[in-house]
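Observations on the three-dimensional arrangement
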Amino acid sequence: NNPPPSTKAVVSTQSTGEFFDIPSSNLDKNALNQLSDNIEGSSIFRVGPKPKRISDICTGLYPCPQFQDLEETSCGYQSRLMLAANWTTTEIDLTAPNGYREAYFRLHGYRNGTNNDRGQWMSMMIPVMKKWWLDVDFNVIAATMSFGIPPEFQNNPPPSTNPRVSVEEWEELKIYSRTYGGNRGDLAHLGQFELLEKALDKANIKTYPYLRMSGGFTRPGYGRQRRELIVVDSQYFF
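Please read these numbers as outputs of a predicted model, since none were measured by experiment.

**With respect to helix α5 (residues 192-202)**
The element α5 is extensively covered by neighbouring structure, given that 8 of its 11 residues are classed as buried. What α5 keeps buried is the set Gln192, Phe193, Glu194, Leu195, Leu196, Glu197, Ala199 and Leu200. At the exit of α5 stands asparagine 204, carrying a positive phi of roughly 55°.

Rendered as structure tokens:
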């Protein structure tokens, strides 16, 4: 399958699943085309299940990275600073049938101590972050998956022993996000990037066009909770 040529086409091609880890064979192309036709005139207000609040999710065994809310949040999007922190990252093989699953378990091996040089078990951080890098024609050229490193290991994270898993220091980023409370396979979920861009256009906010991110805040075994579709402010790349 070819990657989507633009964010607008994301909801109307077989490659939609590249942004949401959904096999193309599971997508109803007629329904997606109908969704694409309806997006242009749709409201920027949320439709679908209400997402849980971060404060209700980031507790106990599942801490979350630090975000700072910003005042320019408005209808259809939220504006925050994602504060600088260490993350563990691996590439996603978009040509492999189970590329997302394999990426997840490589990160899990680092987290559970199997593949870090201290044998150190670490708690699971949420969200699980995915990044998709696009070329100038808006084709997906690379993708990564990342777990946050827990606060007690931030200053000195154990090195990875898997060459396909790295520890990265992410700089502070100003991000714009749109939340969704349903499942990743819902048709309404597939249109969220475009609705986010529509809301930001109305607010005259410029974003970096060649990076798309998502954050999955759903804890294992908890079903629907919160998903975020994320773009980055243009100031960090221009």
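**Digging into unusual backbone geometry**
Of the consecutive residues isoleucine 126 and proline 127, the connecting peptide bond is found in the cis state with omega at 15°. Relative to the elements of secondary structure, proline 127 occurs in the loop between α3 (99-111) and β4 (128-134). The phi dihedral of phenylalanine 138 is positive, around 65°, even though this residue is not glycine. Along the polypeptide, phenylalanine 138 turns up in the loop between β4 and β5 (140-148). What makes phenylalanine 138 partly exposed here is its relative accessible area of 27%. In this structure, asparagine 204 takes a positive phi of about 55° despite not being glycine. Tracing the backbone through its elements, the reader meets asparagine 204 in the loop between α5 and β8 (211-216).

**A word on the confidence of the model for the chain**
For the chain, mean pLDDT is 78; residues scoring 70 or higher make up 74% of the total. Taking the mean pLDDT of every element in the chain, the minimum, 48, falls on helix α1 (residues 29-39) and the maximum, 97, on strand β3 (residues 85-91). Note on residues 1-17: pLDDT is under 50 here. Beyond four places in sequence and across chains, it has 54 contacts. Predicted confidence for residues 22-27 stays below pLDDT 50, and this span has 14 contacts to residues more than four positions away or in other chains.

Parameters and conventions
- Residues numbered from 1 in each chain as written.
- Predicted model: local features only at pLDDT ≥ 70, side-chain atom pairs only at ≥ 80, totals over all residues.
- Heavy atoms only, no water.
- Buried < 20%, exposed > 50% of the residue type's maximum accessible area, 1.4 Å probe, protein only.
- Helix = DSSP H or I, 4+ residues; strand = E, 2+ residues; numbered from the N terminus.
- pLDDT = per-residue confidence, 0-100.
- Contact = heavy atoms within 4.5 Å.

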